[in-house]
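Here are the chains, one letter per residue:
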Amino acid sequence: MAQQVWCLSFRQPYAGLVLDGLKTVESRWRPVLAPLENQTLGIHIAQRDWEGGEWRQALSGLMNRGQIQELLEGGERFGRGVVAGLVDVGGTWQCPSSLQGAELQELEQAALLIGLQQKHLTRLSNPRWLKAPLSTRGGRDLWTVEIPPELLP
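Conventions adopted
All chains use their own residue numbering, which begins from 1 and follows the written sequence. The predicted nature of this model means local features are confined to residues of pLDDT at least 70 and side-chain atom pairs, given and counted, to a pLDDT of 80 or more, with totals for whole chains, interfaces and linings taken over all residues. Note that water and hydrogens are dropped before the side-chain values are worked out from all heavy atoms of the structure. If DSSP finds at least two bridges between two strands, the strands pair. By definition, any uninterrupted DSSP run of H or I lasting at least four residues is a helix, any uninterrupted run of E lasting at least two residues is a strand, and each is numbered from the N terminus. Orientation is described by axes fitted as lines to C-alpha atoms, over the contacting stretch for helices, and by angles from 0 to 180 degrees between their N-to-C directions. Here the term cavity refers to a set of points on a 1 Å grid, laid over the protein atoms alone, in which a 1.4 Å probe fits but cannot get out; the term pocket refers to an open set having protein on both sides within 12 Å along at least five of seven lines, with lining residues being those that place an atom within 4 Å of a point. Grid points are joined across faces, edges and corners, and a volume is the space filled by probe spheres set on the points. In this count, Pro and Cys sit with the nonpolar residues alongside Ala, Val, Leu, Ile, Met, Phe, Trp and Tyr, while Asp, Glu, Lys and Arg are called charged and the others, Gly among them, polar.

Peer 1: Please set out the sheet that holds strand β5 (residues 120-135) residue by residue, giving values where relevant.
Peer 2: Pairing within the open sheet is mixed, and its six strands lie in the order β2-β5-β4-β3-β1-β6. Looking at strand neighbours, the two that pair on one side only are β2 (25-28) and β6 (143-147), the edges of this open sheet. Neighbour-to-neighbour, the strand axes of this sheet turn through a mean angle of 50 degrees, independent of strand direction. Both strand β1 (residues 3-12) and β6 contribute to a ladder of five bridges, which runs antiparallel. Bridging from a neighbouring strand, Val5 pairs with Val145 of β6.

Laid out in structure tokens, this is it:
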């Protein structure tokens with residue numbers, strides 16, 4: 001029986017970084033994921049890349065250039081325009097504008113992004129790649145998708 005899940009598009013390399021378990025906090029300007037707390041979310045890989053390079057700077061503190069390249073290539077294994085995996089959604093909160101220091105740096109490392117103040121942050125856990133990609137057109141916000149049982153991890 002197919003599993004119906006909410007789905008959200010992520011630009012690369014963030015989609016792969018979520019599914020590889022390196023990005024454990026998602027940030028959005030609106031609390032898009034708040035209604036999905038304690039539910040499973042489908043990760044759709046958007047056609048376009050993320051334009052900033054903050055993720056590379058954050059990863060360079062954890063791994064060398066070759067490891068980063070290998071990670072990026074692995075994140076592209078299913079291509080673009082597909083639902084590639086699932087992740088469990090945790091709590092959502094708004095990052096205070098006054099947050100600074102070690103606590104802010106820890107969140108930025110988990111989000112692989114800087115400038116989180118005033119954004120809505122959501123914990124992500126238990127990432128898993130599907131057995132094969134599910135080709136589907138992405139959407140601007142949340143939408144539902146049915147994942148056939150043979151693709152479930």
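There is more to say after this.
Peer 1: Could you give an account of the layout of surface pockets, naming the residues involved and the relevant values?
Peer 2: By volume, the largest pocket is sized at about 770 Å³. Residue lining of the largest pocket: 26 residues in total, with Ser9, Arg11, Arg28, Trp50 and Arg140 positioned closest to the centre. When contributions to the lining of the largest pocket are tallied by element, the ones reaching two or more residues are β1, β2 and β3 (40-49). Among the residues making up the lining of the largest pocket, the classes are represented as eight nonpolar, eight polar and ten charged.

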